[in-house]
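Here is what each chain is made of, one letter per residue.
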Amino acid sequence: MSAKAWTLSTPNISNFDRNEQANDKTDFHTSRSRGRVRAQSDQCCNLLECLLTIVTLKIGSNNMQRNEVHWAQEMLNYSDTWLELGVLTNEIALNQMHLWMRDDADKNTEHYRYGAWRHYWNVKKSITSSELEKCIILAISDPDVGMGGAILHDILNAYWLSEKQFELVSEQFRTFRDKWSLPNSERIIDRQLLYRSLTENNSPKDLDRVVRIGDSQIQRHVVDRYRLHQETLEYLEKKGLVRAVRNIARVKLRRREHF
């Protein structure tokens, strides 16, 4: 065999080394690429796990809230109307559950319902006709007659009711008290009518009329807040329905705080 033939048949070591280096580089880049893919995959898995955890916690929280409201309805006699109107909330239900579980807990369920009512009503400054109708339903359908009457009385006392709304509540108040033989419905309504007639611009003559036909609460309200005519104060000093009214009238006469 010639030297040339041997040379041709002998493997080219230099080319082999270059090929190996190229393969090493390819393997290195492939490994880095696979590493990046694996890292991105791990990030996606972690993100998915976080999302699943959040969804699970959210579902658990919603279930817990539903359970608290359901407990309040079962244990404290809240009807669905309380929930629809927004008087019974998750926060109220949870708070009342904690109070109920105490060793010295009040077990009169109407106290809890009335507490929720006051929390709702005390911040009201206006009300729609639909909301008012539901509030009346709460009152007249409550298993405790005294608490139902208290709710109607609270509504009747709201100075911001429109004339139409006041007439509606007054009629329901009369019907409710007649049904349960509760006295003084007309006197309570008349008192509220007098309250609603009072403004900052009432004349001394109007105020004199109000204190002469009003009850002790009206008299106390007027003598405390308004500057009255001397004759009106003299009337209250002698014929005020309670001692506090007579005393205030006497002091104002002495100080000449009158027209």
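Note that the structure is a prediction, hence the values are computed from the model and not measured.

Bringing the environment of Arg177 into the picture now. Looking at the secondary structure, you find Arg177 in helix α8 (residues 163-179). Arg177 sits 32 residues away from Val145 along the chain, and the two C-alpha atoms are 9.4 Å apart. Beyond its immediate chain neighbours, meaning those up to four positions away, Arg177 contacts Leu182, Pro183, Asn184, Ser185 and Ile188.

So, about helix α4 (residues 90-101). For α4, which comprises twelve residues, the first-to-last C-alpha distance of 17 Å matches the rise-based estimate of 16 Å (1.5 Å per residue) to within 8%. For α4, the full list of buried residues reads Ile92, Ala93, Gln96, Met97 and Trp100. Take α4 and look down its axis: the buried residues cluster within an arc of 130°, on one side only. Turned more than 90 degrees off the buried face of α4, the exposed positions are Glu91 and Met101.

This part is about the packing of aromatic side chains. Evaluation of the coordinates by the stated rule reveals six aromatic pairs. Plain terms: the ring middles of Trp100 and Tyr112 are 5.5 Å apart, the flat faces sit at 65° to each other, and that makes the pair edge-to-face. Of this pair, Trp100 sits in helix α4 while Tyr112 sits in helix α5 (residues 109-121), placing them twelve residues apart in sequence. Neither Trp100 nor Tyr112 differs from the other in exposure class; each is buried. Taken together, the ring pairs in this structure connect Trp117, Tyr120, Trp121 and Trp160 into an aromatic cluster. The residue whose ring lies beneath Arg212 is Tyr235, and the NZ or CZ to ring-centre distance is 4.2 Å.

Along the chain, Lys124 falls in the loop between α5 and α6 (129-141). Overall, Lys124 belongs to the buried group, its relative accessible area being 15%. If we ignore the near neighbours within four places in the chain, the residues touching Lys124 are Glu131 and Trp160. A polar contact of 3.5 Å, which involves the side chain of Lys124, links it to the side chain of Tyr120.

Further remarks concern the confidence of the model for the protein chain. Confidence in the prediction of the protein chain, expressed as mean pLDDT, is 79, and 75% of residues score 70 or more. The element-level mean pLDDT for the protein chain is lowest in helix α1 (residues 3-9), coming to 37, with α5 highest at 95. The low-confidence segment residues 50-65, where pLDDT is below 50, has one contact with residues more than four positions distant or belonging to other chains.

Time to look at the environment of Met75. By the element assignment, Met75 lies in helix α2 (residues 13-76). Taking the C-alpha atoms as reference points, Met75 and Lys107, separated by 32 residues in sequence, lie 10.0 Å from one another. Contact partners of Met75, with chain neighbours within four places excluded, come to Trp100 and Thr109.

Before going further, it helps to examine the pattern of salt bridges. Opposite charge on two side chains makes pairing possible when the charged atoms of those side chains draw close. Going through the model one piece at a time under the given rule, you end up with twelve salt bridges. Linking Asp154 and Arg118 is a salt bridge whose minimum nitrogen-to-oxygen distance equals 3.1 Å. In this pair, Asp154 sits in helix α7 (residues 145-156) while Arg118 sits in helix α5, placing the two residues 36 residues apart along the sequence. Assessed through its relative accessible area of 11%, Asp154 is described here as buried. Residue Arg118 is classed as partly exposed on the basis of its relative accessible area of 30%. With a closest N to O distance of 2.5 Å, Arg174 and Glu186 form a salt bridge. Linking Arg174 in helix α8 with Glu186 in helix α9 (residues 185-197), this pair joins segments that are twelve residues apart in sequence.

Parameters and conventions
- Residues numbered from 1 in each chain as written.
- Predicted model: local features only at pLDDT ≥ 70, side-chain atom pairs only at ≥ 80, totals over all residues.
- Heavy atoms only, no water.
- Helix = DSSP H or I, 4+ residues; strand = E, 2+ residues; numbered from the N terminus.
- Contact = heavy atoms within 4.5 Å.
- Expected span 1.5 Å × (residues − 1).
- Buried < 20%, exposed > 50% of the residue type's maximum accessible area, 1.4 Å probe, protein only.
- Arc of directions from axis to C-beta.
- Phe/Tyr/Trp six-rings, centres within 6.5 Å; stacked < 30°, edge-to-face > 60°.
- Lys NZ or Arg CZ within 6 Å of the ring centre and 35° of its normal.
- Polar contact = N/O pair within 3.5 Å; in protein donor to acceptor, adjacent residues only side chain to side chain.
- pLDDT = per-residue confidence, 0-100.
- Salt bridge = Lys/Arg side-chain N within 4 Å of Asp/Glu carboxyl O.

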